[in-house]
Amino acid sequence: MSSVPESSPAAGPGHVAVGTPASVTPFPGTVPTALQTLRALDSGPRGLLETEAEIRLGRTGENVLPDRRPAPWPRRFLRSLRDPFTTVLLCLGLVSALVTAWGTACVILALVAVSCLLRSAEEHRADRSSAALRELVATTATVVRRASADSPPLEREVPVADLVPGDVIRLRPGDLVPADVQLLRTDGLTVHQSALTGESAPVVKQTLDVPDPALSDAGPFAQPQWCFQGSSVTSGSGTAVIVATGGGTRFAAAHDDRAGQRGASAFDRSVQGISWTLIRFMLLTPPLVLMVNAALRGRGLETLPFAVAVAVGLTPEMLPVIVTTTLARGAARLSRTSGVIVKRLPALHDLGAVDVLCLDKTGTLTEDRPVVAAATDGMDRPDPDVLRWAAVNALWTLQLAELPTPDALDEAVLDAADALDETAVYASDALDEGTLDASGTYGPPAAGKVDPDAYEGVAVLPFDPVRRIATAVVRRPGRLGVHTLVAKGAVEAVLDRCAMDRDERDRLLALAGRKAGSGLRLLAVACADRAARAGAYTPADERGLTFLGLVALRDVPAPSAADALGVLARRGVSVKVLTGDHPGTAARVCADLGLRPEGRPGPDDVVTAELLDSLSDAELVRVADRATVFARCTPEHKARIVSALRAGGHTTGFLGDGVNDLPALHAADVGICPRNAVDVAREAADVVLAEKDLTAIDRAVLAGRRSSGNIATYLRITLSSNLGNVIAMLTAGLMLPFLPMLPAQVLVQNLCFDAAQLAFAFDRPAASALRRPTALRPRDFLRFITGFGLLNAAADLATFGVLALALHNASGNGGEDAFHAGWFTENLLTQALVMILLRTGRSTAERRAGGPLRAAAAGLAAVGVALPLTPLGPLLGMSALPPLYYLLLGSVLGLYAVGLTAARRRYERRHLPGAAPDPHGKESGEARKRPSGS
């Protein structure tokens, strides 16, 4: 036990240093002792006065992280306008209003409002879910305070928010460290700093009684006398003084430093690329229509409404509504069925596009509990008695030490010993029945076998971080007057207490080093007989021990991890492990799970922090793409690896739950965390899982691909159809003495097509869309819409010939009205065909299946045929058509359907290999690796 002298100044009014522990350093270049820190804070080991604590609380504010207040509704709504298509639509609506095309303006502005409302509502729902999670965090701490200067100090529970710098608190196993503190007294204290550093093993903490210049160059988390908010106590106890609260803690500083604006995500990049390509077309269309009509037909500004209508016709004006509705439905279904909260709607699309998932091994690939892998003697030969002696130590340590929580290593040793004894019982029963033993003779179990339950505990010297061993004193059966000391602990610490020469010690250390390098955690076991005595045993008795052997432990892979990794691999998602653990430990876990670097002989190709620091950014892009395991990673290393993967063209997801994961969460396209992550990690993440489980991520990826598949299908179909219509309109405008369609007719046609397009948000995507990451690549889209748009334009132009043949006797306004009606009908019928036939990547059964999309296409076709025949037809400038037209149109549509089907199949063969399932239900490795083109 270490402590600070009780003779410290009493707490009183004065300057209070608030900030990181370094801010209370009175001597530059050195690390302050506990006594120096107490003086700087005007506090003492007996705690603050209640009145002084109240004064300081008013001065420093509550011990809470800076509040991240949700944006108000007006701000949410305006933020939704930043989408490129939404902005373009808004501009087109305003232009339509300026040219008095009120119908077009009202429809466009209504679509913009609906899209923004849907997006704002979904973000509000996600914020409410996140706020509910924050309410689950523990909110009290044990503080030492006095009612008056003469009163004795009393311990009591107070809200964490009421803690102030200078408060003295108690730390016990299981406690969360509520603020940044310096330790005053410790008793075997170890803490988990994984939320801050990523290191999975507990860290020893102790007081600093004298200034130590050697510690001045060490990082803050390497300082043994400091504990930080976000850590948790694993064993031992301690008393500490608070040096920083609220926004002054390193926990808050990490959040503030790393919570900047994330770069453009995969969704943002894809949509913006497609948007700006179309925006260029849209900006060129109105001037082009005006100039051509003025030059060839002598028309002036009277064609401006038509030019604006053509630009609107090229725009996928339903895109914001379709995207928001599709993603919102996917997010709601994911929350309802899997408990996954999507905080940022575009992140659901990004999940569908993820092809690299980065994560730590602890709690995801492993279960956070060790198991015994082997027990060997000093010659590295299997020896079950080494395990049994370790079990004797573990049993009586747990029985006599009165530890607040069982040690995970002790429990692992006892479980392994129990399993070993059960096996021995079965073997003994077999021998009793006349079974031959290993030597080929009959006989009882080997004499002298250690039975942990037969020993009686006398005393125990519990593990502490200074000695690094635990010793149990027991009575051996049938040996009166003799006590046996059984020691178990760190290899070096046990060997230091054994009677052996230096060469033997070096040999055993080398053996232990090779085992540790393979990813095993080691416990050395030794024992010695002593004459029985009534007096207490001390660490001085731990001398002259006889070395027995080593117990090797390994991390337990999570039961679902191997299967989940296989599923992710089949879906085209590579998993990379970014951990703060030892390279050997990380490599062994990956080897156990079959996670190997592609093209490598095994998982030994581990990239360490030292190698990362020596690589340039360009070199890291190549290394990150090839390697699978990265060890000894700091938070900055993790963020740099994720950024390198993105620079290499990958869409990355990162799963993390601690403050140390914040840089990587912000660097990734999709930040993912479990529900029990620290507050700031949940705030930074885009997706919050119900639990830290790879199967939950797989379900989220599938939901993202369903949404992305529907969005991609909508864009392909809509843009190719729109482009074909615009090309046909521009061509017809040059060939005809009148406008091919009136602005009102263009508006009604767009309204009908827009209403039918809502079905895309409810469509079931093709099975092929779920097999590989879905990426919205602008170049692929441009090729697709150009090819199929030209085919659509050819069908429209063929309709000119049909109309010329069917209406050759019509003249005057009757001919114009009939032409408008014929083209209106043909446009809606071809758009209905496109909705059905251009759903690429589907098997025949999938394409024939019913659903909302087929119903919407049928309704669109019915409107196209019936509307000109209703009383609304004449009002819109359309008249009835002769029967010959419908007969000839049917022929054109039949040829168009054949051409469309042939072009689609050619496209699928060239761009979607493996889209349709093969007879064996598998797809090629090439298809699995390549993201799904859209």
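> Describe a nonpolar patch on the surface, and please don't skip the residues or the numbers.
Together, Leu-805, Leu-884 and Leu-887 line one region of the surface with nonpolar side chains, adding up to about 300 Å² of accessible area. As for its placement among the helices and strands, Leu-887 is situated in helix α30 (residues 883–911).

> An account of the sheet that holds strand β19 (residues 606–608) is requested, with residue identities and associated values reported.
Strand pairing in a sheet takes place through backbone hydrogen bonds and is either antiparallel or parallel in direction. Taken together, the eight strands give an open sheet; going across it, the order is β10-β23-β22-β21-β11-β18-β20-β19, and neighbouring strands pair in mixed fashion. Each edge of the open sheet is held by one strand with a lone partner, namely β10 (341–342) and β19. Two elements, strand β11 (residues 356–359) and strand β21 (residues 652–655), share four bridges in a ladder whose sense is parallel. Of the residues in β21, the one forming a bridge with Cys-358 is Phe-654. This element, helix α20 (residues 635–647), spans β11, β18 (574–578), β20 (629–631) and β21 of the sheet and lies at about 160 degrees to β21.

> So, the packing of aromatic side chains: which residues are in play, and what are the values?
Overall, the coordinates contain ten aromatic pairs when judged by the stated rule. Relative to Tyr-907, the ring of Phe-784 has its centre 4.9 Å away and its plane inclined at 80 degrees; by these criteria the two rings are edge-to-face. Separated by 123 residues along the polypeptide, Phe-784 in helix α25 (residues 778–806) and Tyr-907 in helix α30 bring together distant segments of the chain. The same class applies to Phe-784 as to Tyr-907, namely buried. The ring of Tyr-537 has Arg-533 sitting right over it, with the charged end atom 4.1 Å from the ring centre.

> Before we move on, could you go through the pattern of salt bridges and cite the residues and values that matter?
Applying the stated criterion to the full structure yields 24 salt bridges. One salt bridge in this structure joins Glu-52 and Arg-56, with 2.6 Å as the shortest N-O distance. Residue Glu-52 and its partner Arg-56 are both found in helix α2 (residues 50–60); the two are separated by four residues, about one turn of the helix. Side by side, Glu-52 and Arg-56 carry an identical accessibility label, which is buried. Shared partners join several salt bridges into a network, and the residues in it are Glu-50, Arg-145, Arg-156 and Asp-167.

> Talk me through a negative patch on the surface; I want residue IDs and the actual numbers.
A cluster of like negative charges, contributed by Asp-407, Glu-411, Asp-415, Asp-418, Asp-451 and Asp-453, occupies part of the molecular surface. In this fold, Glu-411 is placed in helix α13 (residues 408–432). Glu-411 gets classed as partly exposed once you look at its relative accessible area, which sits at 38%.

Parameters at a glance
- Residues numbered from 1 in each chain as written.
- Predicted model: local features only at pLDDT ≥ 70, side-chain atom pairs only at ≥ 80, totals over all residues.
- Heavy atoms only, no water.
- Patch = residues over 30% accessible without salt bridge, like charges linked within 9 Å, V, L, I, M, F, W, Y side chains within 5 Å.
- Areas by Shrake-Rupley, 256 points an atom, 1.4 Å probe, with all protein chains shown as cover.
- Salt bridge = Lys/Arg side-chain N within 4 Å of Asp/Glu carboxyl O.
- Helix = DSSP H or I, 4+ residues; strand = E, 2+ residues; numbered from the N terminus.
- Pairing = 2+ DSSP bridges.
- Contact = heavy atoms within 4.5 Å.
- Axes fitted to C-alpha atoms, helices over the stretch in contact; angles between N-to-C directions.
- Phe/Tyr/Trp six-rings, centres within 6.5 Å; stacked < 30°, edge-to-face > 60°.
- Buried < 20%, exposed > 50% of the residue type's maximum accessible area, 1.4 Å probe, protein only.
- Lys NZ or Arg CZ within 6 Å of the ring centre and 35° of its normal.
- Lys, Arg positive; Asp, Glu negative; His and termini not counted.
- Charge placed at Lys NZ, Arg CZ, Asp CG, Glu CD.

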